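Spelled out, the chains give:
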Amino acid sequence: MNTLRLHLSHLDHNYKVIRSLMNPNTEFIAVVKANAYGSNAVVIAKQLEKLGVNALAVAYAQEGKILRTAGIKIPILVFYPQIEGLSTLLEFGLEPCLYSANLLIAFRSLLEKRQQDSYSVHIKYNTGLNRVGFTQEQTPWLLEQLQESPFHLKSVYSHLAASEVDKDDPLSKKQIQAFLSLKKQYELGLNEKPKFHLLNSSGLFNYPEYQFDAVRCGIALHGYVNKKMWDQKLKPFASLTSKICQIHQVKKGDFVGYNHGWKAPKEATIACLPIGHADGIGRHFGHGKAQVSIGNKKAPTVGNICMDMLMVDISGIKCKEGDEVVFFDKSATANLFAKGAATISYEVLTSLGNRIERIIEP
Ligand SMILES: *Cc1c(COP(=O)(O)O)cnc(C)c1O
């Protein structure tokens, strides 16, 4: 019925394209958070491990636990560990990214209590995104903590707020300068030699000269980098299809869907698709904000998206019940699909629910 096809050969292709932008010594941290951007974290992680990435990254400890339980052996960073999940990190050998004093102190005391030494950690700085991260003013305190604590500092990193914005972006420049200056502070103030990294997918395409020791790529592996010119080098990894489950005719003036969301301006043919907002096709895709492809024809959504169903106007399109419809694939990309409803490929992909069958294609 609803199928998300995952094209492994496209993942391999995207990996190679990303690698071609990287210096030979730059490490590849492959980001597989949110079930690898809504696909299948275990399958993707295994493939990436095979392709030779240096490490994986997830958002929360629970996601890392799933990968370890499935047999993934390479390092796994946890970007946003929460204090209540810290013991899971130790149990499954996951590397926390420490971003606040409270978190650092909590993790330090847990390691001391368990008499663990040289545990791999990463330090996250806020240089302008103003989400999580230490500020530059906290560096003296951090350096002190790092000298005396049971941590092995593997890396220090930050995250750009607008990595896809055209290159002369003054705010990105400011973040890069801030990062360079704290890098210097670490090189002078610490005996350990951590790695430094700043760039996500579009960061690498936009600022390859600032890749430092590693890059953290997620969305580019899925074929998207937030800019048409860059997207063209990549291949969309996932295709979403559904099947028409019923077709009916409505007369001019008839209403379709909840709250009489759509009134037929003339006689129309309506197809119902067994996919809805519970599957990640949110209500913002209703009222013509999304189109599906049937053969080479486009059919817009009509009215409100329901929980398990949505309706499209197939007037003038030759098709029958049981026919396949495409939400997005190689040519009608998830990025294009997202744009219609003023959202982004990240949201479309990660919203896809677990009622949609994932099929791995070679
Ligand atoms: C999600 C995330 C990434 C990956 O970003 P993409 O744009 O998908 O490449 C990198 N770094 C951090 C800190 C993230 O949270």
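Everything below is about the structure shown above.
Basis of the calculations
- Residues numbered from 1 in each chain as written.
- Predicted model: local features only at pLDDT ≥ 70, side-chain atom pairs only at ≥ 80, totals over all residues.
- Heavy atoms only, no water.
- 1 Å grid on protein atoms, 1.4 Å probe; cavity = no way out; pocket = protein on both sides within 12 Å on 5 of 7 lines; lining within 4 Å.
- Points joined across faces, edges and corners; volume = space filled by probe spheres on them.
- Helix = DSSP H or I, 4+ residues; strand = E, 2+ residues; numbered from the N terminus.
- Nonpolar A, V, L, I, M, F, W, Y, C, P; charged D, E, K, R; others polar.
- Domains from an automatic or database assignment.
- Buried < 20%, exposed > 50% of the residue type's maximum accessible area, 1.4 Å probe, protein only.
- Pairing = 2+ DSSP bridges.
- Lys, Arg positive; Asp, Glu negative; His and termini not counted.
- Salt bridge = Lys/Arg side-chain N within 4 Å of Asp/Glu carboxyl O.
- Polar contact = N/O pair within 3.5 Å; in protein donor to acceptor, adjacent residues only side chain to side chain.
- Contact = heavy atoms within 4.5 Å.
- Near = heavy atom within 4 Å.
- Areas by Shrake-Rupley, 256 points an atom, 1.4 Å probe, with all protein chains shown as cover.
- Sits in = over half its atoms within 2 Å of the grid points.

Caption draft 1: Main features of the layout of surface pockets. Of the volumes computed, that of the largest pocket is approximately 500 Å³. In terms of lining, the largest pocket is formed by 30 residues, of which the most central are Tyr 37, His 159, Asn 200, Asn 226 and Tyr 346. Elements with a contribution of two residues or more to the lining of the largest pocket: helix 2 (33-38), helix 9 (201-206), helix 11 (334-340) and helix 12 (345-351). Taken together, the residues of the lining of the largest pocket break down into 12 nonpolar, 10 polar and eight charged. Per-domain counts for the lining of the largest pocket show at least three residues from each of domain 1 (8-225) and domain 2 (238-361). In this structure, the second largest pocket encloses a volume near 210 Å³. Among the elements of the structure, helix 10 (228-231) and helix 11 are those that each provide at least two residues to the lining of the second largest pocket. By residue number, the principal contributor to the lining of the second largest pocket is helix 11, which donates three residues. Looking at the lining of the second largest pocket residue by residue, the classes come out as four nonpolar, four polar and three charged.

Caption draft 2: Broad picture of the pairing of strand 1 (residues 3-7). Judged by how many residues are buried, strand 1 sits mostly within the fold: four of five residues are covered. Examined bridge by bridge, strand 1 and strand 19 (residues 357-361) share five bridges and lie parallel to one another. Bridge assignment links His 7 to a residue of strand 19, and that residue is Glu 361. Relative to strand 10 (residues 238-243), strand 1 runs antiparallel, the two being bridged by four bridges. In the strand pairing of strand 10, Leu 4 is matched with Leu 240.

Caption draft 3: Expanded view of the side chain of Glu 63. By secondary structure assignment, the location of Glu 63 is in helix 4 (residues 61-69). For the buried Glu 63, no salt bridge is present, and the opposite-charge side chain at shortest range is Lys 33, 8.2 Å distant. Looking at Glu 63, its side chain comes within polar contact range of the main-chain nitrogen of Ala 59, at 2.8 Å. Contact partners of Glu 63, with chain neighbours within four places excluded, come to Lys 33, Ala 34, Asn 35 and Val 58.

Caption draft 4: Structural context of the site of the ligand. Close to the ligand lie 14 residues, the nearest being Lys 33, Tyr 37, Tyr 80, Ser 201 and Tyr 346. Residue Lys 33 places a side-chain N or O atom 2.7 Å away from an oxygen atom belonging to the ligand. At 2.5 Å, a side-chain N or O of Ser 201 approaches an oxygen atom of the ligand. Coverage of the ligand by the protein amounts to 96% of the 390 Å² it exposes when considered alone. Judged by the proximity of its atoms to the pocket grid, the ligand belongs to the largest pocket. Elements with a minimum of two residues in the shell around the ligand: helix 2 and strand 9 (214-217). Within the shell around the ligand, the residues separate by chemical class into seven nonpolar, four polar and three charged.

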